[in-house]
Amino acid sequence: MQPAQIAPRDRLIVALDLPSVAAAEAMIDRLGDSVSFYKIGYQLGYAGGLPLARELAGRGKKVFLDLKLHDIGNTVARGVESVAALGATFLTVHAYPQTMKAAVEARAGASLKILAVTVLTSYDDNDLQAAGYGLKVSDLVEARARQAQAIGVDGIVSSPEEAAAIRKIVGHEMNLVTPGIRPAGSATGDQKRIMTPARAIAAGADYLVVGRPVVEADDPKAAAEAIHAEVAQALG
Ligand SMILES: O=c1ccn([C@@H]2O[C@H](COP(=O)(O)O)[C@@H](O)[C@H]2O)c(=O)[nH]1
């Protein structure tokens, strides 16, 4: 999808990193019309949150299932088929060629889009080295983006720090989804490759994934609206 086709307010994806479906429902109520796109990851997914994905999709919200699949091809493919039936918009897999190929083949005919996670935003060059890789983060992200594009993956997950370089490689046909977003003054937490919402949009991100700066804010709705305002200004 070309960036201009994404409504500015649909570019914010709020990560529902919360301990229960009840807590997630309460957060969704508080955010109201401020948020149209939600991400469900490990914490909520393993606490019964997958049916919530179907329910949210039924209520007109978009859902990103951040399950980061990585297994033998057959298992990935069967998992993707099950997720496609939930009505989610995005599903993540780790950016390994076998995994990406299996996921892309299995989502054929469904509206589900597969996103490849390149290098987690909590990693820096030292973390990659400790994990046994001989590449810098930027080089591995770019190599994986190229592989994802060649395999036919729908989008890339990276830090906004790599967004501009990825755009040059994949153009505008692939969705570029960036966690590691920190509005000025908010706590970094365990994220190592971060940018503000405005800088991420200027770098070429299509979607901004934001968790703690919204769901742990005293006023989550005001925090989401402040991000929308920053995004709108960055888009001009
Ligand atoms: O590289 C990645 C991939 C996924 N994430 C997920 O995004 C959110 C970010 O939450 P914050 O609270 O805004 O840090 C979280 O659910 C991660 O699992 C990521 O951060 N980096």
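Residues numbered from 1 in each chain as written. Predicted model: local features only at pLDDT ≥ 70, side-chain atom pairs only at ≥ 80, totals over all residues. Heavy atoms only, no water.

Under the annotation held in an unreviewed UniProt entry, the chain carries the name Orotidine 5'-phosphate decarboxylase and is attributed to Bradyrhizobium ivorense. In its Subunit (unreviewed entry) section, UniProt records this for the chain: "Homodimer." As its UniProt record puts it under Function (unreviewed entry), the chain is described as follows: "Catalyzes the decarboxylation of orotidine 5'-monophosphate (OMP) to uridine 5'-monophosphate (UMP)." (UniProt positions renumbered as here; feature names shortened; annotations may be inferred.)

Turning our eyes to something else, we now look at the nonpolar core. The nonpolar side chains of a soluble globular protein tend to be buried with one another. Leu16, Leu65 and Val80 are the most contacted members of the largest nonpolar core, which totals 64 residues. Aside from chain neighbours lying at most four places away, what touches Leu16 is Ala24, Met27, Ile28, Tyr38, Lys39, Ile40, Leu44 and Leu56. Among the nonpolar cores identified, the runner-up in size contains twelve residues, and Ile6, Phe37, Val157 and Val177 belong to it. (Core = buried A, V, L, I, M, F, W, Y, C linked by side-chain atoms within 4.5 Å. Buried < 20%, exposed > 50% of the residue type's maximum accessible area, 1.4 Å probe, protein only. Contact = heavy atoms within 4.5 Å.)

Before going further, it helps to spend a moment on the packing of helix α1 (residues 21–31) against helix α10 (residues 220–235). In the contact formed by α1 and α10, the axes pass within 8 Å of each other and the chain directions differ by 60°. Between α1 and α10, the angle falls in the class oblique. When you trace α1 past α10, the crossing you get is right-handed. Contacts from Met27, Arg30 and Leu31 in α1 reach Pro220, Lys221 and Ala224 in α10. Its residues assigned to classes, the contact of α1 with α10 shows four nonpolar, no polar and two charged. (Axes fitted to C-alpha atoms, helices over the stretch in contact; angles between N-to-C directions. Helix = DSSP H or I, 4+ residues; strand = E, 2+ residues; numbered from the N terminus. Parallel < 35°, antiparallel > 145°, perpendicular 65-115°, else oblique. Left-handed = near helix turned anticlockwise from the far one by under 90°. Nonpolar A, V, L, I, M, F, W, Y, C, P; charged D, E, K, R; others polar.)

A few words on the site of the ligand. Surrounding the ligand, one finds 15 residues, the nearest of these being Asp17, Lys39, Thr121, Gln191 and Arg212. Gln191 places a side-chain nitrogen or oxygen 2.7 Å from an oxygen atom of the ligand. Taken by itself the ligand offers 460 Å² of open surface, and the protein chains cover 88% of this. Where the shell around the ligand is concerned, the elements lending two or more residues are β3 (62–69), β8 (207–210) and α9 (212–215). (Near = heavy atom within 4 Å. Polar contact = N/O pair within 3.5 Å; in protein donor to acceptor, adjacent residues only side chain to side chain. Areas by Shrake-Rupley, 256 points an atom, 1.4 Å probe, with all protein chains shown as cover.)

Moving on: the packing of helix α4 (residues 97–106) against helix α6 (residues 137–151). Taken N-terminus to C-terminus, the directions of α4 and α6 make an angle of 30°; their axes are 10 Å apart at the nearest point. Relative to α6, the element α4 is oriented roughly parallel. The handedness of the crossing between α4 and α6 comes out as right-handed. Counting all contacts with α4, which are made through Pro97, Met100, Lys101 and Val104, the residues of α6 involved are Gln147, Ala148 and Ile151. Within the contact of α4 with α6, the residues separate by chemical class into five nonpolar, one polar and one charged.

Scanning the model with the defined rule gives eleven salt bridges in all. Across the pair Arg78 and Glu81 runs a salt bridge whose closest N-O atoms are separated by 2.9 Å. With a gap of three residues between them, Arg78 and Glu81 both fall in helix α3 (residues 73–84), about one helical turn apart. Of the residues examined, Arg78 reaches a relative accessible area of 42% and is grouped as partly exposed. Taking relative accessible area as the criterion, Glu81 reaches 39% and is therefore assigned partly exposed. (Salt bridge = Lys/Arg side-chain N within 4 Å of Asp/Glu carboxyl O.)

What follows concerns the environment of Leu65. Assignment of secondary structure puts Leu65 in strand β3. On a C-alpha basis, the gap between Leu65 and Ala148 in space is 18 Å, while along the polypeptide they are 83 residues apart. Not counting residues within four places of it along the chain, the set of residues in contact with Leu65 comprises Ile40, Leu50, Ala53, Val83, Leu86, Ala88, Phe90, Leu91 and Thr92.

With that settled, consider the sheet that holds strand β5 (residues 113–117). With parallel pairing, the eight strands of this closed barrel are ordered in space as β1-β2-β3-β4-β5-β6-β7-β8. Neighbour-to-neighbour, the strand axes of the sheet open up by a mean angle of 25°, direction not taken into account. With two bridges joining them, strand β7 (residues 175–178) and β8 adopt parallel strand pairing. Within β8, the residue paired with Val177 across the bridge is Tyr207. Here helix α2 (residues 42–58) sits on the sheet and contacts β2 (37–40) and β3; the angle it forms with β3, its principal contact strand, is near 145°. (Pairing = 2+ DSSP bridges.)

A few words now on the UniProt feature "active site" (unreviewed entry) in the chain. UniProt marks Asp66, Lys68 and Asp71 with the feature "active site" (unreviewed entry), using the numbering shown here. Along the chain, Asp66 turns up in strand β3. Residue class for Asp66 comes out buried when judged on its relative accessible area of 7%. The residues contacting Asp66, other than those within four sequence positions of it, are Lys39, Ile40, Gly41, Tyr42 and Thr92. Within the structure, the side chain of Asp66 is placed 2.6 Å from the side chain of Lys39, a separation counted as a polar contact.

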